[in-house]
Amino acid sequence: MTEEELNTQVMDALIELLKGMGSLGQQIGASHGLSGSDAMALHKFDEPISMKELSQRLGCDASFVTVIADSLERQGIAKREPSQRDRRVKNLVLTERGRAVRDEIIREVTARTPWSNALDISERECFLGLLNKMLGRVEGGAPVTTVTVPSS
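In short, a report on the structure.

## Some words on the overall build of the protein chain
Thinking step 1. The helix and strand inventory of the protein chain stands at seven helices and three strands.
Thinking step 2. C-alpha extents for the protein chain along the principal axes are approximately 55 × 35 × 25 Å.
Thinking step 3. Relative to its full complement of 152 residues, the protein chain shows a buried share of 23%.
Thinking step 4. Put simply, of all contacts in the protein chain between residues at least 6 apart along the chain, 48% involve residues at least 24 apart.
Thinking step 5. Total accessible area computed for the protein chain in this model is approximately 10500 Å², and 55% of it derives from carbon and sulfur atoms.

Rendered as structure tokens:
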């Protein structure tokens, strides 16, 4: 197999894995009455979180976070509150129900991920190390200077 073929196969496998994870997240979110975006927001949720910070974590436009916040509020999962540091900023805060739904979704997704089911603990540790290396992070998840590695 050539390096180009290997790289193409790696890319294809990663795309398939990511699509599968997206489908899994949507299925589990839907089982709790949530859209895929709502479920992803819950996964990225630290309390309290500003709408701006949530948009950055989700990699989406801040206006789309308003749609997510509206949906989560309608379902009693989150509420908007003024920031204690800057009253002009609105934070999104999970309700008790929201914490329970978030925790259940995380448990369900984690139990059904391919790495949880196909890899033993040492393989998962290795996989995480490889992911962090590709993401330019040192052990513990801290980012390092991004360097493009030329192919040999």
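## Things to note about the layout of surface pockets
Thinking step 1. Its volume calculated, the largest pocket comes out at about 1000 Å³.
Thinking step 2. Along the walls of the largest pocket sit 28 residues, with Met21, Met40, His43, Val109 and Trp115 positioned nearest its centre.
Thinking step 3. Every element with two or more residues in the lining of the largest pocket is listed here: α1 (3-31), α2 (36-43), α5 (96-112), α6 (114-118) and α7 (121-134).
Thinking step 4. Broken down by class, the residue content of the lining of the largest pocket amounts to 15 nonpolar, ten polar and three charged.
Thinking step 5. Computed from the structure, the second largest pocket encloses a volume of approximately 160 Å³.
Thinking step 6. What lines the second largest pocket is simply Pro48, Ile49, Ser50, Ser83, Gln84, Arg85, Val89 and Asn91.
Thinking step 7. A per-class count over the lining of the second largest pocket returns three nonpolar, four polar and one charged.

## A word on the packing of α1 against α5
Thinking step 1. Running from N to C, α1 and α5 cross one another at 145°; their axes reach a closest spacing of 10 Å. Considering only the axes of α1 and α5, their crossing is right-handed. Residues Met21, Leu24, Gln27, Ile28 and Ser31 of α1 lie in contact with α5, whose contacting residues are Ile105, Glu108, Val109 and Arg112.
Thinking step 2. Partitioned by chemical class, the residues of the contact of α1 with α5 number five nonpolar, two polar and two charged.

Scoring rules and cut-offs
- Residues numbered from 1 in each chain as written.
- Predicted model: local features only at pLDDT ≥ 70, side-chain atom pairs only at ≥ 80, totals over all residues.
- Heavy atoms only, no water.
- Helix = DSSP H or I, 4+ residues; strand = E, 2+ residues; numbered from the N terminus.
- Buried < 20%, exposed > 50% of the residue type's maximum accessible area, 1.4 Å probe, protein only.
- Contact = heavy atoms within 4.5 Å.
- Areas by Shrake-Rupley, 256 points an atom, 1.4 Å probe, with all protein chains shown as cover.
- 1 Å grid on protein atoms, 1.4 Å probe; cavity = no way out; pocket = protein on both sides within 12 Å on 5 of 7 lines; lining within 4 Å.
- Points joined across faces, edges and corners; volume = space filled by probe spheres on them.
- Nonpolar A, V, L, I, M, F, W, Y, C, P; charged D, E, K, R; others polar.
- Axes fitted to C-alpha atoms, helices over the stretch in contact; angles between N-to-C directions.
- Left-handed = near helix turned anticlockwise from the far one by under 90°.

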